[in-house]
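Analysis of the macromolecular model
Okay, here's what each chain looks like letter by letter:
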Amino acid sequence: MPLHLIKLAVGIRDLDHLAEVQDRRATVHDGRARIPVHTRRLPKRGDEILDGGSIYWVIKGSVAARQRVLAIDTGTDEEGESYCTLQLDADRVPTVPTAHRPFQGWRYLAPDAAPRDLSDAGGSGDELPAHLAAELRALGLL
């Protein structure tokens, strides 16, 4: 069973803004776009994450999307500090909006606690504009 990660998308307004920021950093590996996400800590349970796990993005206090983790790379910067780069699939899958409190860094997310994909929850109709969805979430109506 895959293990997931959850992380705050700091400074991101909505899913469109997340896509805009990530697409600027995208690289191509074996003909497939990847999004690098840098973090200080290496997940000790990396094998479980690479077994089909995703990173879930918290945007403005709500889990809004997920991206599949394709690879986990490590390195050392100029100051001798180790770091980790999560290589993500460029496809962002909207999830059922789920409120989440702020936290630092990333956390593990068990599969049974992960929000469902919006398409699996019957979200096949027209999507609300991101700013409207955020406002409704802030009011507790979504």
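All of these numbers come straight from a predicted model, not from anything done at the bench. (Residues numbered from 1 in each chain as written. Predicted model: local features only at pLDDT ≥ 70, side-chain atom pairs only at ≥ 80, totals over all residues. Heavy atoms only, no water.)

1. Here's the deal with the packing of aromatic side chains
On inspection of all chains with the given rule, the structure shows 1 aromatic pair. The interplanar angle of 75° and the centroid separation of 5.1 Å between the aromatic rings of Trp106 and Tyr108 together place this pair among those described as edge-to-face. Accessibility expressed as a relative area gives 31% for Tyr108, which makes it partly exposed. (Phe/Tyr/Trp six-rings, centres within 6.5 Å; stacked < 30°, edge-to-face > 60°. Buried < 20%, exposed > 50% of the residue type's maximum accessible area, 1.4 Å probe, protein only.)

2. Considering the side chain of Arg34
Looking at where Arg34 falls in the secondary structure, it is placed in strand S3 (residues 32-39). We note that Arg34 is buried and unpaired, the nearest opposite charge coming from Asp73 at a distance of 5.3 Å. (Helix = DSSP H or I, 4+ residues; strand = E, 2+ residues; numbered from the N terminus. Lys, Arg positive; Asp, Glu negative; His and termini not counted. Salt bridge = Lys/Arg side-chain N within 4 Å of Asp/Glu carboxyl O.)

3. Quick word on helix H1 (residues 15-25)
His17, Leu18, Ala19 and Gln22 are the residues of H1 that are buried. Those residues of H1 that are buried are in contact with S3, strand S4 (54-59), strand S5 (62-76) and strand S6 (82-89). Residue Asp14 occupies the N-cap position of H1, its side-chain oxygen lying 3.1 Å from the main-chain nitrogen of Asp16. (Contact = heavy atoms within 4.5 Å. Polar contact = N/O pair within 3.5 Å; in protein donor to acceptor, adjacent residues only side chain to side chain.)

4. Some details on the nonpolar core
Counting residues in hydrophobic clusters, the biggest one holds 19 residues, and the most contacted among them are Leu5, Ile55, Trp57, Ile59, Val69, Leu86 and Leu88. Excluding its chain neighbours within four sequence positions, the residues that come into contact with Leu86 are Leu5, Ile35, Pro36, Val37, Pro43, Ile55, Ala71 and Ile72. Membership of the second largest hydrophobic core comes to 8 residues, among which are Ile6, Leu8, Tyr56 and Leu109. (Core = buried A, V, L, I, M, F, W, Y, C linked by side-chain atoms within 4.5 Å.)

5. Quick word on the pairing of S5
Along any regular strand the residues' side chains alternate between the sheet's two faces. With 6 bridges connecting them, S4 and S5 associate as antiparallel partners. Residue pairing across strands places Ile55 opposite Gln67, the latter belonging to S5. The hairpin formed by S4 and S5 contains 2 residues between the paired strands, and Lys60 there has a positive phi angle of roughly 55°. Bridging between S5 and strand S7 (residues 93-99) involves 4 bridges; their strand directions are antiparallel. Residue pairing for S7: Ser62 is matched across the bridge by Ala99. When S5 meets S6, the two strands line up antiparallel, connected through 7 bridges. Across the sheet, the residue bridging to Val69 is Leu88, located in S6. Taking the residues that link successive antiparallel strands as the turn, the S5-S6 hairpin has 5 residues, and the phi of Gly80 there is positive, at about 85°. (Pairing = 2+ DSSP bridges.)

6. Looking at the side chain of His17
Within the secondary structure, His17 sits in helix H1. Here His17 falls in the buried class, since its relative accessible area comes to 10%. Within the local environment of His17, its side chain forms a polar contact with the backbone nitrogen of Arg13, the two atoms lying 3.1 Å apart. Setting aside anything within four residues of it in sequence, one finds His17 in contact with Gly11 and Ile12.

7. Considering the environment of Thr27
Here Thr27 is to be found in strand S2 (residues 27-29). The partly exposed category is assigned to Thr27, whose relative accessible area is 37%. With near-sequence residues (within four places) excluded, Thr27 lies in contact with Arg32, Ala33, Arg34 and Gln87.

8. Concerning the pattern of salt bridges
Under the defined criterion, the tally for this structure stands at 6 salt bridges. The shortest N-O distance in the salt bridge between Arg24 and Glu20 comes to 3.9 Å. Residue Arg24 and its partner Glu20 are located together in helix H1, separated by 4 residues, close to a single helical turn. Relative accessible area serves as the criterion here: at 46%, Glu20 is assigned to the partly exposed category. The closest approach of N and O atoms between Arg45 and Glu48, which form a salt bridge, is 2.9 Å. On the accessibility criterion, Arg45 (37% relative accessible area) is partly exposed. For Glu48, a relative accessible area of 32% translates into the label partly exposed.

Treat this as a map of the structure, not an account of what it does.
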